[in-house]
Amino acid sequence: MKQKIGRWIIPGIGGLAFVYLLVPIAYIFVFSFNDAGRTNLEWRGFTFGNWQNPCGAPAVCESLVNSLQVGVVATIVSTALGTCIAIGLVRYKFRFRKLTDVLIILPLATPEVVLGASLLAQFLNLGWELGYTTIVIAHIVFCMSFVIVTVRARVSSLDPRLEEAAADLYSTPRAAFWKITFPLLVPGIVAAALLSFAMSFDDFIITNFNSGTFQTFPKFIYVAATRGIPAQANVIGSAMFIAALLVVIVGQVMAYRRRKRLAQR
Amino acid sequence: MSKMVMTKKGKIADLRSAEEIKAERRKGRTGVYLVVPGMLVLFLFFALPVIVLLSMSLYARPEGAEIGEFVPALEFGNYVTVLSAYWSELVRSFGFALIATVLALLIGYPMAYLVAVRLRQHGLLQGILLVLLIAPFFSSFILRTQAWKQILADEGWVAQTLKLIAVLPADGHLTATPFAVVAGLTYNFLPFMVLPIYANLGRLDTRLLEASGDLYASPMTSFFKVTLPLSAPGVFAGTLLTFIPAAGDYVNAALLGNNRNTTMIGQVIDSRFFKVIDYPGAAALSFILMLSILILVTLYIRRFGTKELM
């Protein structure tokens, strides 16, 4: 009897924890159908209106578009630069090894508020106007360390004999890289890019320090929170969540199929 | 691979052909091209800004200067001023972050264990729960924090129910309390705790547990002697990934807290920068926060870290 209860403790706590994790997301989803008017605080009745007209509330879609623009550019640049660094550091010898490692790890151990404040100090010193450019730079910096760490793990785990085999078969180093190494790195690079985009899109603290009057989606919600967030923001939040679910599910299915295919060989 | 050999005199002789050496050098230059652009960005927009922040923290405000006007100086008194004024906020931030980290570990470990070990034979359910673990990363965390605020609000059903069963006094609140801030921190950084532990437990060889069971270890003993030590690197990474952002966070404190006993250091830095326009004070506080975290993390790594983590 005691054994039986014991068996259920971990699934019990774990299951409750999943509920805890998902309660606010369910709340956001339900209240995206609220016939709310300006402040979405209490339930006033069911409507599809918010979903049919997600740009109905002022500034919601503008801030969303801004966030997407920042996220896409920051993701592309940080993934490209970070991937190059990861490959370079694993495959080539350098003199200032320790220093580069510190420069990569330190941003990960620095709280966002300090990253934001130091960049703000830098931009104030340079006399740059805060806005789109400064946000993109800030996001590139804090995403890049994550990209480097993620991709570097992938590069180090590659079997060097694969490239040697390609060389034995008269492949040039360049061809070996693009035909063998790079395709094997793609899953890691995609994961790093998705992570970068998620972090950039959702970032508030660093953005708040370096954005001036430029509005991003998290900034919009933070400011709106004091007087009530329009239901359209819930629509966008829910849509993002559903889109993310689909992306993750597709990724899982692809990984599953790949494993199956490899197992069959 | 290498064709270097030690000669009798201890010198290194190079037995490679000229072409091979040339090829390797070309390779070396490619490495520089790969690494330099990104490192330049990190240097210009991470290392340099931290130095600028440090120098700004020592600026002085001349007599009769306008608001926001400072001159470069070596005013170490700034540190004394902000530390004495905001000591309690600093301690509170670390306290809240610590409690949130411990709570996230207590909640997150069973989650990770459930998904990684218990559901190993149930691919579909495992996949679904894993998706649910990752998905919150993609939904706005401010929106979720605000949702908590509304769920726990005085007129919400959670607070009403707790009052009905007299867990909460009739004039009590759930929001605008330290409890709400710590709960928010725990909630928001929970996936950062679960995912590294999950990654570690995913590689756990369950035959080890069977073996320890065969040797008459109780499930409890097996857990503490086998499972937990093997997942230690994941726990270690998870606690760091939770503690560091939690200590600097101010969104939870701003949305779920009040102005009296939940103010965290991030809020102070933000308001000194933007409301009070006290750049040196804000810079000094930022630097103190960064340094204290680095010291704490270093001590923690020394005490619990293993080599393969870094």
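Residues numbered from 1 in each chain as written. Chains lettered and ligands numbered in written order. Predicted model: local features only at pLDDT ≥ 70, side-chain atom pairs only at ≥ 80, totals over all residues.

### With respect to the overall build of chain B
A tally of helices and strands in chain B yields 12 helices and 2 strands. Out of the 310 residues in chain B, the part that is buried amounts to 39%. The long-range fraction of contacts in chain B, counting pairs at least 24 apart against all pairs at least 6 apart in sequence, stands at 67%. (Helix = DSSP H or I, 4+ residues; strand = E, 2+ residues; numbered from the N terminus. Buried ≥ 20, exposed ≤ 12 C-beta atoms within 10 Å, placed from the backbone. Contact = placed C-beta atoms within 7 Å.)

### Some points on the UniProt feature "domain: ABC transmembrane type-1" (unreviewed entry) in chain B
Listed under "domain: ABC transmembrane type-1" (unreviewed entry) in the UniProt record, and renumbered for this structure, are residues 90-300 of chain B. The span residues 90-300 of chain B is 76% helix and 0% strand, and its two end C-alpha atoms sit 19 Å from each other. (UniProt positions renumbered as here; feature names shortened; annotations may be inferred.)

### Structural notes on the interface of chain A and chain B
Contacts between chain A and chain B engage 65 residues on the former and 67 residues on the latter. Those elements that place two or more of their residues in the side of chain A that touches chain B are helix 1 (2-31), helix 3 (60-91), helix 4 (97-105), helix 5 (112-126), helix 6 (132-156), helix 8 (173-202), helix 10 (217-225) and helix 11 (231-264) of chain A. Here the side of chain A that touches chain B takes 15 residues from helix 1 of chain A, the largest share from any one element. For the side of chain A that touches chain B, the residue count by class is 51 nonpolar, 11 polar and 3 charged. (Nonpolar A, V, L, I, M, F, W, Y, C, P; charged D, E, K, R; others polar.)

### A few points about the nonpolar core
Soluble, globular proteins show a tendency: their nonpolar side chains are buried together. Counting 139 residues, the largest nonpolar core has Ile85, Ala117 and Ile221 of chain A together with Ala112, Val194, Ala283 and Leu285 of chain B as its most contacted members. Take this core: its biggest share by element is 15 residues, from helix 6 (residues 178-201) of chain B. Residue-level mapping places this core at the junction of two domains, with at least three residues from each of domain 1 (16-56) and domain 2 (77-309) of chain B. In contact with Ala112 of chain B, not counting residues within four places along its chain, are Val194, Ile197, Tyr198 and Leu201 of chain B. (Core = buried A, V, L, I, M, F, W, Y, C linked by C-beta atoms within 7 Å. Domains from an automatic or database assignment.)

### Details of the confidence of the model for chain B
Taken residue by residue, chain B gives an average pLDDT of 84. The fraction at 70 or more is 89%. Both confidence scores are given for the complex: pTM 0.86, ipTM 0.86. (pLDDT = per-residue confidence, 0-100.)

### A few points about the UniProt feature "transmembrane region" (unreviewed entry) in chain A
All names here are of chain A. The UniProt feature table records "transmembrane region" (unreviewed entry) at residues 12-33, 68-90, 102-124, 130-151, 180-201 and 235-256. Split by type, residues 12-33 is 91% helix and 0% strand. Its first and last C-alpha atoms lie 31 Å apart. The annotated region residues 68-90 carries 100% helix and 0% strand content, and the separation between its end C-alpha atoms amounts to 32 Å.

### Examining the UniProt feature "domain: ABC transmembrane type-1" (unreviewed entry) in chain A
The UniProt feature table records "domain: ABC transmembrane type-1" (unreviewed entry) at residues 64-254 of chain A. Helix and strand shares over residues 64-254 of chain A are 81% and 0% respectively, and the end C-alpha atoms of the span are 29 Å apart.

### Quick word on the packing of helix 11 (residues 265-274) of chain B against helix 12 (residues 279-304) of chain B
The description of two helices packed together rests on the angle between their axes and the distance between the axes. Residues and elements named next belong to chain B. At their nearest, the axes of helix 11 and helix 12 sit 8 Å apart, and the two run at 155 degrees to each other. In terms of axis orientation, helix 11 runs roughly antiparallel to helix 12. Note on packing geometry: the crossing formed by helix 11 with helix 12 is left-handed. Packed against helix 11, whose contacting residues are Ile265, Val268, Ile269, Arg272 and Phe273, the element helix 12 presents Tyr279, Gly281, Ala282, Leu285, Ser286 and Leu289 at the interface. The class makeup of the residues in the contact of helix 11 with helix 12 is 8 nonpolar, 2 polar and 1 charged. (Axes fitted to C-alpha atoms, helices over the stretch in contact; angles between N-to-C directions. Parallel < 35°, antiparallel > 145°, perpendicular 65-115°, else oblique. Left-handed = near helix turned anticlockwise from the far one by under 90°.)

### Re the packing of helix 11 of chain A against helix 3 (residues 123-134) of chain B
Here helix 11 of chain A crosses helix 3 of chain B at 135 degrees, and the two axes come no closer than 10 Å. Regarding the angle of helix 11 of chain A to helix 3 of chain B, the classification is oblique. In this structure, the crossing between helix 11 of chain A and helix 3 of chain B has a hand that is right-handed. For the pair helix 11 of chain A and helix 3 of chain B, contact is made by Leu245, Val248, Ile249 and Gln252 of chain A and by Gly127, Val131 and Ile134 of chain B, respectively. Classifying every residue of the contact of helix 11 of chain A with helix 3 of chain B gives 5 nonpolar, 2 polar and no charged.

### Some remarks on helix 11 of chain B
Summarising burial for helix 11 of chain B: 8 of the 10 residues are buried, a large majority. Turning to helix 11 of chain B, the residues buried within the fold contact helix 5 of chain A together with helix 2 (77-118), helix 9 (232-248), helix 10 (251-256) and helix 12 of chain B.

### Thoughts on the domain arrangement of chain B
Structurally, chain B comprises domain 1 (16-56) and domain 2 (77-309). Centre-to-centre separation of domain 1 of chain B and domain 2 of chain B, based on C-alpha positions: 36 Å.

### Here's the deal with the environment of Gly202 of chain B
You can see Gly202 of chain B is positioned in the loop between helix 6 and helix 7 (206-214). Along the sequence, Gly202 of chain B and Val115 of chain B sit 87 residues apart, while their C-alpha atoms lie 8.5 Å from each other.

### A look at the environment of Leu106 of chain A
Residues and elements named next belong to chain A. Mapped onto the elements, Leu106 comes out in the loop between helix 4 and helix 5. Taking the number of C-beta atoms within 10 Å as the measure of exposure, Leu106 has 16 and is therefore partly exposed. Put simply, Leu106 and Ser145 are 39 residues apart on the chain and 8.7 Å apart in space, counted from C-alpha to C-alpha.

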